[in-house]
Amino acid sequence: MRHALLMVISSIWITSFAQPIESNPRSSESILIELHKLKNFRKILYLAAHPDDENTRLIAWLENHAFAEVAYLSLTRGDGGQNLIGTEKGIDLGMLRTQELLQAREVDGAQQFFTRALDFGYSPSTKETLEHWDKQKILGDVVAVIRKFKPDVIITRFPSDSRGGHGHHSTSALLAEEAFDIAADATQFPKSASMFGVWQPKQLYWNHSTWWDKTIAEHREEFVIVDIGSYNPLLGKAYSEIASQSRSQHRSQGFGSSVQRGSREEFLKLMKSAGELSNPFESDDEEWNNLINGEAALELIDEVIENFMVLEPEASIEGLVKCHKAVSQMEAFRSKNEKLAQIESLILSCSGTYIECITNRESYTTGEDMEVTLGMYAQAGFPWKITKASFGKNDFTLSQEKEPIPDNQYYTLVDTFQAPSKRSQPYWLENNIENDLFDYPLTPQFGIAELNSLPTCFVTLSNGEIKITAERPVRYKWTDRSIGELKRNPVILPEVEIDCESFVLLNDTPVIKGWVLVNSDLDSIVIQPMIPSKWRVEPSQTKWERPKKGQKIPFQFKVMPIGKLKNGRVDLLARTGSAVYGERRVDIAYDHIIPQSCFEETSVKVVGEKIEIVPKKVAYVMGSGDDVPKTIELLGAQVDLLNINNLSYEELIEYQVIIYGIRAFNIHKEFMSSKAVLTQYVQNGGLVVVQYQTSRSVSLSDFLPAEIKLSRYRVTNEYARTTILDDKHPIFNFPNTLSDTDFDDWVQERGLYFAEEWGPEAYPLISWQNEKGKVLNGGLVVMPIGKGNVIYTGISFFRQLPAGVPGAIKLFANILSYTGSNE
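Residues numbered from 1 in each chain as written. Predicted model: local features only at pLDDT ≥ 70, side-chain atom pairs only at ≥ 80, totals over all residues. Heavy atoms only, no water.

**Points about the overall build of the protein chain**
Next, step 1: Helices and strands together make up the secondary structure of the protein chain, namely 18 helices and 47 strands.
Next, step 2: The C-alpha atoms of the protein chain give 30 Å as radius of gyration, which agrees with the globular expectation for 823 residues (28 Å, within 12%).
Next, step 3: Residue burial in the protein chain is summarised as follows: out of 823 residues, 58% are buried.
Next, step 4: Pairs at least 24 apart in sequence give 75% of the contacts found in the protein chain among residues at least 6 apart.
Next, step 5: Counting 85 positive and 109 negative side-chain charges, the protein chain places the centres of these two groups 4 Å from one another. (Helix = DSSP H or I, 4+ residues; strand = E, 2+ residues; numbered from the N terminus. Rg over C-alpha atoms; globule rule 2.2 N^0.38 Å. Buried < 20%, exposed > 50% of the residue type's maximum accessible area, 1.4 Å probe, protein only. Contact = heavy atoms within 4.5 Å. Lys, Arg positive; Asp, Glu negative; His and termini not counted. Charge placed at Lys NZ, Arg CZ, Asp CG, Glu CD.)

Here you go:
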């Protein structure tokens with residue numbers, strides 16, 4: 001280990017029970033709130049199905065008024081939802097929504113847990129949901145989190161019956177109820193019982209509301225009712241304001257919320273009870289007094305609160321040290337370690353102690369030397385000494401003198417350590433997803449939101465009276481001139497990455513174009529496409545001798561599908577010595593989250609059958625974001641991304657088709673002003689294709705020269721039988737002939753937000769039944785207008801086309817090629 005000793009020090013991060021949170025010095029107001037939380041033993045687990053399902057109003061009130069310790073258990077990471085701000089779908093969307101949840105918890109103060117359940121998309125019922133998820137495995141996950149967190153009270157967001165409105169919702173409540181009954185039984189899921197011990201929550205509530213009962217206020221006696229709209233003078237905010245800010249972190253779901261103030265009641269219905277609680281949300285002094293020596297510890301805490309000075313928080317350190325000593329000498333009790341951690345965190349805040357652990361680069365290759373800087377400010381003059389500092393299992397070298405850290409000066413220790421031998425990856429993505437479940441083992445960290453790929457930095461601080469060992473995650477820090485200081489987790493890279501220009505290739509002789517990113521000096525690299533049986537590829541492989549770190553080497557392979565199998569997948573592998581690589585780096589970056597990276601398999605979906613398209617130039621009006629234009633370009637058409645409001649009729653007629661992306665009308669209400677020019681375009685023979693829009697607060701007739709009303713109906717079964725209502729129609733025959741097999745092998749769903757009403761001249765072309773047996777004909781509706789046509793489709797082309805589904809690509813090409821004359 002090489003090291004460069006500057007002025008000495010270290011890094012701290014008080015461990016949150018659910019995930020790492022950088023708890024640098026709090027304001028005096030926040031310190032006072034944390035002191036009150038120190039008195040409260042109550043722990044509450046809020047439980048629902050997705051990111052954004054949680055009631056941030058109630059969570060903010062419980063954390064900051066009732067002073068409870070609150071965690072939100074979301075069964076899923078939201079992988080199957082839509083994305084209002086970008087093109088991420090599937091596991092990438094799950095990563096984004098995980099970070100949005102963590103930002104929401106930073107606002108309201110709660111913790112965050114997950115199970116292994118993959119969000120596979122909308123589900124109409126509990127029955128259908130549990131056909132995807134192994135009930136016993138997800139129930140075991142919920143039990144494990146209960147045993148780990150040990151809540152007094154569980155609160156579900158949804159009822160366990162069909163009123164939940166989504167199979168995931170009702171399933172979350174069902175699993176909560178069953179887990180409540182068995183979490184104290186060591187014979188049920190014995191591995192988590194052995195790891196965390198068993199636990200019996202006292203009460204389970206359903207967070208009822210007027211969603212399910214408009215007359216709820218008329219039978220108030222059935223509920224525990226809390227007013228979550230009260231004002232907190234320490235924070236200068238009402239709890240509903242905090243909730244609005246928390247909920248607004250779910251930007252990918254369009255959940256930006258106006259700030260709410262004023263009285264608002266929440267209704268909680270007792271569903272199960274295993275014991276009495278004098279107050280379900282706040283403990284009283286008796287819980288301390290019932291512990292051996294607890295009464296004395298409580299008196300010390302009360303004394304600190306009574307004597308706390310907002311302008312001199314450091315004056316409370318002596319009292320907090322006494323509290324720490326008193327609690328540490330008590331016999332073991334449920335929250336002992338957490339109470340000690342709370343006190344240590346408060347001491348650091350009162351002493352103005354700021355600590356960080358920083359790398360000098362954004363990325364390192366596996367096994368590479370990495371420079372780590374530990375930095376610290378003791379801003380209130382508290383005489384800390386560093387007795388030990390480490391990066392994972394490796395120690396920093398400390399000065400022999402171990403002098404106190406000077407007041408308000410930046411102390412640093414710079415050392416060089418070896419990067420991990422595995423590339424970075426979110427822990428839930430390390431293994432393959434099977435049966436709509438992520439695959440990871442039961443460990444003490446089970447259920448947490450994220451794990452850093454790098455070891456954390458530990459530091460032990462002492463002032464002679466107390467010794468605190470705490471930790472900090474390692475960050476890369478940089479400055480953006482337009483934003484300011486930013487941080488992210490450093491990325492550990494594999495020796496080789498493989499990337500491609502396109503991950504879907506069309507037509508009979510596709511060419512794979514890509515590049516190799518070399519992250520280490522190597523003897524050689526061999527790139528080989530792994531093709532389906534009987535296909536040919538030229539060349540069969542490509543080899544480079546002695547590639548150097550930092551090189552970006554292009555490659556090209558011609559794939560020739562031979563025989564009956566025209567469509568398939570090509571995996572790209574790189575061999576260097578005995579190591580095999582086949583992944584590309586995916587980055588997810590928005591200004592409201594910490595940037596994220598993962599590595600995904602580099603594979604190309606080849607659609608080898610010839611697919612034709614008539615229009616050569618089309619306009620695409622982007623909505624919330626999708627990758628549909630890429631597929632249109634692969635079909636051979638020029639795609640111009642346009643702002644429809646800026647164009648005249650003369651400019652529009654350059655395009656044979658105008659296509660609206662998903663949710664374009666939902667997020668761009670200003671497009672209403674283009675209705676007149678769009679009407680002229682259609683009446684004179686133009687074609688307008690509108691992909692799905694949500695039915696909420698949108699009338700398509702405000703944007704289009706057509707009568708059409710949308711529903712919330714969807715078909716979530718991607719295998720649902722397709723009925724063609726007019727098999728002679730050109731959309732099924734020109735320029736590509738469709739057959740029943742073209743509706744095979746779709747992904748996640750058939751479509752959503754189908755039309756339910758249309759004008760007398762319009763007609764539907766496809767029919768599906770949803771899971772409740774309702775016949776839905778509004779997935780593809782043609783509306784003749786003058787000499788042209790408007791086509792509305794709720795078919796989820798935004799999922800099918802990027803996934804390389806051949807039949808969906810053919811159908812979309814035919815829709816864009818439709819020139820039905822209405823003369």
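**Re helix 11 (residues 317-328)**
Since there are 3.6 residues in each turn of an α-helix, residues three or four apart along the chain are aligned in direction.
Next, step 1: Over its 12 residues, helix 11 extends 16 Å from the first C-alpha to the last, a length consistent with the 16 Å expected when each residue adds 1.5 Å.
Next, step 2: Listed as buried for helix 11 are Ile 317, Leu 320, Val 321, Cys 323, His 324, Ala 326 and Val 327.
Next, step 3: Elements that come into contact with the buried residues of helix 11 comprise helix 1 (28-39), helix 9 (285-289), helix 10 (294-307) and helix 12 (336-350). (Expected span 1.5 Å × (residues − 1).)

**Digging into the packing of helix 11 against helix 12**
Next, step 1: Interhelical geometry of helix 11 versus helix 12 gives an angle of 165° and a closest axis separation of 10 Å. By the angle between their axes, helix 11 is roughly antiparallel relative to helix 12. In this structure, the crossing between helix 11 and helix 12 has a hand that is left-handed. The residues of helix 12 that touch helix 11, namely those facing Ile 317, Leu 320, Val 321, Cys 323, His 324, Val 327 and Ser 328, are Lys 336, Lys 339, Leu 340, Ile 343, Glu 344, Leu 346, Ile 347 and Cys 350.
Next, step 2: Of the residues contributing to the contact of helix 11 with helix 12, the split by class is 10 nonpolar, 2 polar and 3 charged. (Axes fitted to C-alpha atoms, helices over the stretch in contact; angles between N-to-C directions. Parallel < 35°, antiparallel > 145°, perpendicular 65-115°, else oblique. Left-handed = near helix turned anticlockwise from the far one by under 90°. Nonpolar A, V, L, I, M, F, W, Y, C, P; charged D, E, K, R; others polar.)

**A few points about the environment of Thr 412**
Next, step 1: Within the secondary structure layout, Thr 412 lies in strand 16 (residues 411-418).
Next, step 2: Residue classification places Thr 412 among the buried residues on the basis of a relative accessible area of 10%.
Next, step 3: In this structure the C-alpha to C-alpha distance between Thr 412 and Ile 355, which are 57 residues apart in sequence, comes to 9.7 Å.

**As for helix 18 (residues 806-816)**
Next, step 1: Burial runs high along helix 18: 11 of the 11 residues are buried.
Next, step 2: Residues Pro 806, Gly 807, Ala 808, Ile 809, Lys 810, Leu 811, Phe 812, Ala 813, Asn 814, Ile 815 and Leu 816 constitute the buried set of helix 18.

**Let's talk about the pairing of strand 46 (residues 780-785)**
Two faces, one strand: in a regular strand the side chains alternate between the faces of the sheet.
Next, step 1: Among the 6 residues that make up strand 46, 5 are buried, leaving the element largely enclosed by the rest of the structure.
Next, step 2: With 2 bridges joining them, strand 43 (residues 763-764) and strand 46 adopt antiparallel strand pairing. From the neighbouring strand, Tyr 763 faces strand 46, where its bridge partner is Val 782.
Next, step 3: Where strand 46 meets strand 47 (residues 788-793), 6 bridges bridge the pair, whose relative direction is antiparallel. The partner of Pro 784 across the bridge, within strand 47, is Asn 789.
Next, step 4: Following strand 46, the chain reverses through 2 residues before pairing antiparallel with strand 47; Gly 786 in that reversal takes a positive phi of roughly 60°. (Pairing = 2+ DSSP bridges.)

**Remarks on the packing of helix 5 (residues 135-149) against helix 6 (residues 167-182)**
Next, step 1: Running from amino to carboxyl end, helix 5 crosses helix 6 at an angle of 60°, the nearest separation of the two axes being 9 Å. In this view, helix 5 runs oblique relative to helix 6, as classed from their interaxial angle. When the axes of helix 5 and helix 6 are compared, the crossing they make is right-handed. Residues Lys 135, Ile 138, Leu 139, Val 142, Val 143, Ile 146 and Arg 147 of helix 5 form the contact with helix 6, whose participating residues are Leu 174, Leu 175, Glu 178, Ala 179 and Ile 182.
Next, step 2: Across the contact of helix 5 with helix 6, the residue classes tally to 9 nonpolar, no polar and 3 charged.

**Overview of the pattern of salt bridges**
Between side chains of opposite charge, a pair can form when the charged atoms approach closely.
Next, step 1: Inspection of every chain in the model, using the stated rule, returns 44 salt bridges.
Next, step 2: Close ionic contact of Lys 810 with Glu 609 constitutes a salt bridge, the shortest N to O distance being 3.5 Å. Of this pair, Lys 810 sits in helix 18 while Glu 609 sits in the loop between strand 33 (603-607) and strand 34 (617-621), and the two are 201 residues apart along the sequence.
Next, step 3: Since its relative accessible area comes to 7%, Lys 810 is described here as buried.
Next, step 4: For Glu 609, a relative accessible area of 23% corresponds to the partly exposed category. (Salt bridge = Lys/Arg side-chain N within 4 Å of Asp/Glu carboxyl O.)

**Remarks on the sheet that holds strand 24 (residues 511-518)**
Next, step 1: Across the sheet, 4 strands lie side by side as 22-24-28-26; this open sheet has antiparallel pairing. Unpaired on one side and paired on the other, strand 22 (496-500) and strand 26 (536-538) mark the two borders of the sheet. With direction set aside, neighbouring strand axes in the sheet form an average angle of 30°.
Next, step 2: Across 5 bridges, the pairing between strand 22 and strand 24 is antiparallel. Its bridge partner lying in strand 24, Val 496 is registered against Val 518.

**Details of a negative patch on the surface**
Next, step 1: Taken together, Asp 284, Glu 286, Glu 295, Glu 299, Glu 303 and Glu 306 make up a surface patch of like negative charges.
Next, step 2: Looking at the negative patch element by element, the count peaks at 4 residues for helix 10.
Next, step 3: For Glu 303, the location among the structural elements is in helix 10. (Patch = residues over 30% accessible without salt bridge, like charges linked within 9 Å, V, L, I, M, F, W, Y side chains within 5 Å. Areas by Shrake-Rupley, 256 points an atom, 1.4 Å probe, with all protein chains shown as cover.)

**Quick word on the environment of Ser 230**
Next, step 1: For Ser 230, the position within the fold is in the loop between strand 7 (224-227) and strand 8 (231-232).
Next, step 2: In the structure, Ser 230 is positioned 167 residues away from Glu 63 in sequence and 13 Å away in space, judged by C-alpha atoms.
Next, step 3: Residues in contact with Ser 230, not counting those within four places in the same chain, are Trp 61, His 65, Ala 238 and Tyr 239.

**Here's the deal with unusual backbone geometry**
Next, step 1: The linkage connecting Glu 538 with the following residue, Pro 539, adopts the cis geometry, with an omega of -10°.
Next, step 2: With respect to the helices and strands, the residue Pro 539 is situated in the loop between strand 26 and strand 27 (542-545).
Next, step 3: For the bond from Phe 734 to Pro 735, the omega torsion is -5°, close enough to zero to count as cis.
Next, step 4: Among the secondary structure elements, Pro 735 is positioned in the loop between strand 40 (723-724) and strand 41 (751-752).
Next, step 5: Not every positive phi belongs to a glycine, and Tyr 753 is a case in point at roughly 50°.
Next, step 6: Topologically, Tyr 753 is positioned in the loop between strand 41 and strand 42 (755-758).
Next, step 7: Since its relative accessible area comes to 7%, Tyr 753 is described here as buried.

**Quick notes on the packing of aromatic side chains**
Next, step 1: Applying the stated criterion to the full structure yields 31 aromatic pairs.
Next, step 2: Centroid distance Phe 120 to Trp 133: 5.8 Å. Interplanar angle 80°. Geometry classified as edge-to-face. A residue pair is termed long-range when its members are at least 10 positions apart, and Phe 120 in the loop between strand 4 (111-114) and helix 4 (126-132) and Trp 133 in the loop between helix 4 and helix 5 qualify at 13 residues.
Next, step 3: Judged by its relative accessible area of 9%, Phe 120 falls in the buried class.
Next, step 4: Clustering of aromatic rings is evident, with ring pairs tying together Phe 158, Trp 206, Trp 211 and Trp 212.
Next, step 5: Lying over the aromatic face of Phe 503, Arg 584 brings its terminal NZ or CZ to 4.1 Å of the ring centre. (Phe/Tyr/Trp six-rings, centres within 6.5 Å; stacked < 30°, edge-to-face > 60°. Lys NZ or Arg CZ within 6 Å of the ring centre and 35° of its normal.)

**Things to note about the sheet that holds strand 45 (residues 775-776)**
Next, step 1: The strand order across the open sheet built from 3 strands is 40-44-45, with neighbouring strands paired in antiparallel fashion. With partners counted over all chains shown, the strands left at the sheet margins are strand 40 and strand 45, one partner each.

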